[in-house]
Structure formats: structure tokens, C-alpha cells
Amino acid sequence: MSRVVLAAVLCLGIGGTAGAQTPCEPYTVVRGDTLNLIAQRAYGVGRHQLIYEANVETIGRNLNAIEVGMVLNIPCRDGSLGPNIAVSPVTHETIAQGIEPPAADPTSPPPAPDRIAAPWVPGPEIRILTAGNDGPLADEGLPGGGLIAELVRAALRQAAPGQRFRIDFVDDREAHLSVLLPSTAFDLSFPWFGPNCGQPGRLSAEMRQRCADFAFSNPLYEVQMGLYARADGPYVGAADMGALAGARICRPAGFAVFDLEEAGLVSADTAMLRPATAADCFRALAAGDVDIVSVNSLAGDTALAGGDGALARLAGLGTRQTLHVVTSRSNPRGAAYLALLNRGLQEIGASGEWFRIVSRSLSAQPAGVD
């Protein structure tokens, strides 16, 4: 399996001068700064996502939107916040602020915390599915199985000590939803993007069916979906999503495309390339078989960092999506399991454990791509 690293390069433009950055201290943004440049100066490596996580309330949903004069908190090298930073660690609720959580079908209300016993009485083993080749979010070769696996594990252990559960890797993601969850061979699966089920008119028939057939947990994490093109191609200077109309797009199989649908880039008569991995998409882009690659920015920026400059990220364009655990509505215990997980997520968010897991996972990636 491929192992994604966090030596990310944000293609945001470089210029001007900047002051020194010191880990564990606040820093004031000056002209020419980008998150990646700030991270390089603070840590010697590109740990921009770590800085973003510590400043999401200030920066907002767009990593590109830092402004001159903005005061950013620079986490310590271990991901913790220093004594001179007078803010609380962010939680998953902060990360998802401003994004409407997935709403279930109104005829079948989402699970609520009061639907589970407190304290939880351990029951049958909870069987959980994930898929690899999506580092640092989920990959069997990463410590703990990746960031989302660690969050799920921590939330369940916090909310239900003594409850047995197991996480298995099955890389055929489509089989999770088509067979393994509906048959109740497995109870939960992650990570899945959460479409806006409250506005079905903006969704494809496939996504509307997903909203009807599956229930979503609270958001675990939010990722930016970056857009990438050839540096010498016609789309590299695109100023808005509309400029990409008609482009041939690649997104790995198993990953929803509702965000591209909402942007008007995918329709019933649009041909998309859907290979197994993000690396396959970038190979197709380099070969000229597609015009645009749309993948999570952690994987995409890593591909750029390890490339020869022939590819570029479309600065200022992309979408942000929340990641969730899902269960089949046909699973008689699925709602209770999601409610349990939601309670655990709330608790690890309040305790700071959520932030510590995210910081450790994002900063512990290897320095190259296997």
C-alpha cells in the first residue's frame, strides 16, 4: 500500500519577507507568508496542517486565506500548545464549524445520545471496516491504521470501556456500502464524506440513495479536497470552479463526487476516470489522459512535493468536506453504535485527546513516499 507523507507544498505564491517563527509562540503574519512557509521556518519541514489545526477559528475554512496582521499560534514540535498561547485546543466541532452536518432522512431521525445506556453495557463485538491507500487518514501501514482509525479507537474506548471492537481493512470501498454493511457482516465503516442530505435536490441519485440507506456519525475530521493540473496546461490559471467546466477529471474509485456535482463539474454525461488510488490519478494527469485530479490535499500536496514541477495545485480552488463513520439503517444496533461513537467524540474533544491524536498523526508521517 502507498504511504502518504506530510512534506506538503502549498502552491500559494511566494514573495516578500517574513519574521522568525518559534514553536510554542504566537506569530504575526506578514506579506508573502503562506502556512507552508511559516511551517518550514518554524520546524524545518512542511507541517502546515499542524498550524492550521491550531488556528482554524482564526483562519476559517480556507487554508489559503491567511492575512497580513493575523496572529497565529505556532504549536510546539510535539503538537501541543505552549504556555504563551492562551487558547484551548480545537475540537472536531470547531473544525466543522460553519459546515452543515449530514442530516438523515426525516422519516428516520438520526441517533441521539440518550438512546444509549449510560454507562454503556458491553455487548457483542463491534465490527468496523476501513480501507487503505488513503494516508494519513487510513492506511494499514501507518501507526494505528491512520488518523481516522485512531480517532475512532479513542472515542470508543473513552465512551465504552470494556466494549470489544475490531477494525478490519477491506480495500474494496464500494463493497462496504453495497454488501458488507447492508448484510450486517460489519456494523460500521469509515471514513466517508458526508453529503448534505438536507438538500437532496443538489445531490445525484446515488448520493440521495446513500442518505436514505445509511446514517452518519458526527464529523470526525475535515479535509480539503484540492484540485491539480499540469503546470503547462490550460487550467493552471483558473480563477473559479466555473473555469473548469468540460475538464476531464480523475478522482479515485470509492470516493464520493457530490462536491464536484454541486460545483457543476460532474453530470450524468460527464466522463470521469476512477482508478484505484490517488497515485494512479496523478500518473494519468502526467500522461495527459485527464485534465484535473481531485484528491484530498494531504495526498495531493505530497505528490507535488515529490514531483518534478510539471504539476501544480490550483490555488484558491477546491472544497472542504467532513469525514464520518456510517452504518446501514438496516442494522438493528447501528444507531446505538453511532450514538456511542458520537458521545466518545464529544468527550475526547473536550479533553484535548482529539487534538493530540490529530497533531501526532500529522507530524509523524515519514519523509518520503513508498
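Keep in mind the model is a prediction, meaning the values are calculated, not measured.

Draft legend 1. Main features of the overall build of the protein chain. When its secondary structure is counted, the protein chain shows twelve helices and twelve strands. Each of the 370 residues in the protein chain was classed as buried or not, and the buried ones make up 53%. Within the protein chain, contacts between residues separated by at least 24 positions form 74% of all contacts whose residues are at least 6 apart in sequence. If you sum the accessible surface of the protein chain, you get close to 15,100 Å²; carbon and sulfur atoms cover 52% of it.

Draft legend 2. How the structure looks around the environment of glycine 145. By the secondary structure assignment, glycine 145 is in the loop between strand E3 (126-130) and helix H5 (147-159). In this view, glycine 145 contacts Leu137, Ala138, Asp139 and Phe169; residues no more than four positions away in its chain are not counted.

Draft legend 3. Region of the structure containing the pairing of strand E7 (residues 221-230). Counting buried positions along E7 gives nine out of ten residues, so the element sits mostly inside the fold. As judged from the five bridges shared by E7 and strand E12 (residues 319-328), these two strands associate in the antiparallel manner. By the bridge assignment, glutamate 222 is partnered in E12 with threonine 322. Where E7 meets strand E11 (residues 311-313), three bridges bridge the pair, whose relative direction is antiparallel. Bridging across to E11, tyrosine 228 finds its partner in arginine 313.

Draft legend 4. Representation of the pattern of salt bridges in the model. Applying the stated rule across the entire model yields eleven salt bridges. The shortest N-O distance in the salt bridge between aspartate 168 and arginine 127 comes to 3.1 Å. Highlighted residues: aspartate 168 in strand E4 (residues 165-169) and arginine 127 in strand E3, separated in sequence by 41 residues. With a relative accessible area of 28%, arginine 127 lands in the partly exposed category. Residue arginine 210 pairs with glutamate 206 through a salt bridge whose shortest N-O separation is 3.8 Å. Of this pair, arginine 210 and glutamate 206 both sit in helix H7 (residues 205-213), four residues apart, which is roughly one turn of the helix. What makes arginine 210 buried here is its relative accessible area of 7%. The structure contains a network of salt bridges with shared partners spanning Arg127, Arg166 and Asp168.

Draft legend 5. View of helix H1 (residues 35-43). Those residues of H1 not exposed but buried are Leu35, Asn36, Ile38, Ala39, Ala42 and Tyr43. Viewed end-on, H1 has its buried residues packed into an arc of 160 degrees, placing them on one side of the element.

Draft legend 6. Quick peek at H5. The end-to-end C-alpha separation of H5 is 19 Å, in line with the 18 Å expected for 13 residues at 1.5 Å each. Counting buried positions over the 13 residues of H5 gives eleven, a clear majority of the element. Buried within H5 are the following residues: Leu147, Ile148, Ala149, Glu150, Leu151, Val152, Arg153, Ala154, Ala155, Leu156 and Ala159.

Draft legend 7. How the structure looks around the state of the cysteines. For the coordinates displayed, the defined rule picks out two disulfides. Two residues share a disulfide in this structure: cysteine 24 and cysteine 76, whose sulfurs sit 2.0 Å from each other. Residue cysteine 24 is located in the segment before strand E1 (26-28), and its partner cysteine 76 is located in the loop between strand E2 (71-73) and helix H4 (92-95); the two are separated by 52 residues in the primary sequence. In this structure cysteine 76 comes out as buried when scored by relative accessible area, which is 9%.

Draft legend 8. The arrangement of the pairing of strand E10 (residues 292-296) in detail. E10 sits mainly inside the fold: five of its five residues count as buried. With four bridges connecting them, E7 and E10 associate as antiparallel partners. Following the sheet pairing, methionine 225 is matched in E10 by asparagine 296. One ladder, built from two bridges, connects strand E8 (residues 249-250) with E10; its direction is parallel. Bridging across to E10, cysteine 250 finds its partner in valine 293.

Draft legend 9. Spotlight on the nonpolar core. Core analysis: the biggest nonpolar cluster contains 56 residues, and Ile128, Ile148, Leu151, Val152 and Tyr221 have the highest contact counts within it. With nine residues, the top contributor of residues to this core is H5. The residues contacting valine 152, other than those within four sequence positions of it, are Ile128, Phe190, Leu220, Val325 and Leu341.

Reading the values: the criteria
Residues numbered from 1 in each chain as written. Predicted model: local features only at pLDDT ≥ 70, side-chain atom pairs only at ≥ 80, totals over all residues. Heavy atoms only, no water. Helix = DSSP H or I, 4+ residues; strand = E, 2+ residues; numbered from the N terminus. Buried < 20%, exposed > 50% of the residue type's maximum accessible area, 1.4 Å probe, protein only. Contact = heavy atoms within 4.5 Å. Areas by Shrake-Rupley, 256 points an atom, 1.4 Å probe, with all protein chains shown as cover. Pairing = 2+ DSSP bridges. Salt bridge = Lys/Arg side-chain N within 4 Å of Asp/Glu carboxyl O. Arc of directions from axis to C-beta. Expected span 1.5 Å × (residues − 1). Disulfide = S-S within 2.5 Å. Core = buried A, V, L, I, M, F, W, Y, C linked by side-chain atoms within 4.5 Å.

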